[in-house]
Amino acid sequence: MAVYDLEEQDQLEDLKSWWKQWGNTVAGVIIAVCIGVIGVQGWRWWTQQQAERASALYNAVSAAARANDVAKAKDAMAQLADKYGGTGYAPRAALLVTPLLFETGDKAGARAQLAWVIDKDTEDELKQIARLRLAAILFDDKQYDDALRTLDAKHDEAFAGIYADLRGDILVGAGRNAEARTAYQSALARLDAKSPYRNFVQVKLDTLGGAVAAAGVGATGAVAPPASGPATAAGTGAAPPK
């Protein structure tokens, strides 16, 4: 028994010696791991809370826009942009409130909302929608050059048809009919062949005298259809994030 007692005593001494040397390090690692776990859980809780509050404000903007309540829409939008501007709800709400502001005569407010989406948002699709709407407002204000420059920004092929169509409208407004015909032909070439929107573009092209022969396009201005894209520039905002 004495031998076993001595062996146990030696083991205890070795353990004490090891803990004296490495105990603080081990404890530090354990604490760091615990802090990391708590931090991750805390971040998830915080982001969930942010998303829920942003969602509530987005719904408030949506409801106010449907009710044509400008004051409530602007108040909810201001809170959303200020407190939760980094969420996916903020730019979508801005696209929802823009038509309401425009229709009630607040063009400056509408332009400010669209500029905010273009400058602050990270989703290319939403930025392209915002540029399209901003160009339409500039066109309405007869700021033709600024509107055309807005449409010059890089955009996906899915938006090429409606960008080209609006470009044609702006060029007509500026009295540049030959360039407008080319723009309408480009729109027809890029819009989905099954889209009813093509008929409106075709009417505008025919009003200007039809397709430009030098462009190498048929009399209808149509070529092989591309992938389908957005049909109009005046649709509602993009669907809220899930």
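Reading the values: the criteria
- Residues numbered from 1 in each chain as written.
- Predicted model: local features only at pLDDT ≥ 70, side-chain atom pairs only at ≥ 80, totals over all residues.
- Heavy atoms only, no water.
- Axes fitted to C-alpha atoms, helices over the stretch in contact; angles between N-to-C directions.
- Helix = DSSP H or I, 4+ residues; strand = E, 2+ residues; numbered from the N terminus.
- Parallel < 35°, antiparallel > 145°, perpendicular 65-115°, else oblique.
- Left-handed = near helix turned anticlockwise from the far one by under 90°.
- Contact = heavy atoms within 4.5 Å.
- Nonpolar A, V, L, I, M, F, W, Y, C, P; charged D, E, K, R; others polar.
- Expected span 1.5 Å × (residues − 1).
- Buried < 20%, exposed > 50% of the residue type's maximum accessible area, 1.4 Å probe, protein only.
- pLDDT = per-residue confidence, 0-100.

Undergrad: Help me understand the packing of helix α4 (residues 107–120) against helix α5 (residues 124–140) in this model?
TA: When two helices pack together, their arrangement is given by the angle between their axes and by how far apart the axes lie. Contact geometry of α4 with α5 gives a least axis separation of 9 Å together with a crossing angle of 150 degrees. By the angle between their directions, the pair α4 and α5 is classed as roughly antiparallel. The way α4 lies across α5 gives a crossing that is left-handed. Where α4 approaches α5, its residues K107, A110, R111, L114, V117 and I118 are matched on the opposing element by L126, K127, A130, R131, R133, L134, I137, L138 and D140. Taken together, the residues of the contact of α4 with α5 sort by class into 9 nonpolar, no polar and 6 charged.

Undergrad: I'm lost on α5 in this one. Help?
TA: Since the α-helix advances by 3.6 residues per turn, residues separated by three or four positions end up pointing in the same direction. End to end, α5 covers 24 Å across 17 residues, agreeing with the expected 24 Å (1.5 Å per residue, within 8%). Burial within α5 is extensive, with 12 of its 17 residues counted as buried. Where α5 is buried, its residues contact α3 (89–103), α4, α6 (144–151) and α7 (157–173). Just downstream of α5 lies K142, where phi reads positive at about 65 degrees.

Undergrad: Quick question: what am I supposed to make of the confidence of the model for the protein chain here?
TA: In low-pLDDT regions, the fine details of the predicted coordinates are not to be read closely. With 67% of its residues at a pLDDT of 70 or more, the protein chain has an overall mean of 79. Averaged pLDDT values for the elements of the protein chain fall to 65 in helix α1 (residues 2–66) and rise to 96 in α6. Throughout residues 215–237 the model reports pLDDT below 50, and contacts reaching past four residues in sequence, or to other chains, amount to 44 contacts.

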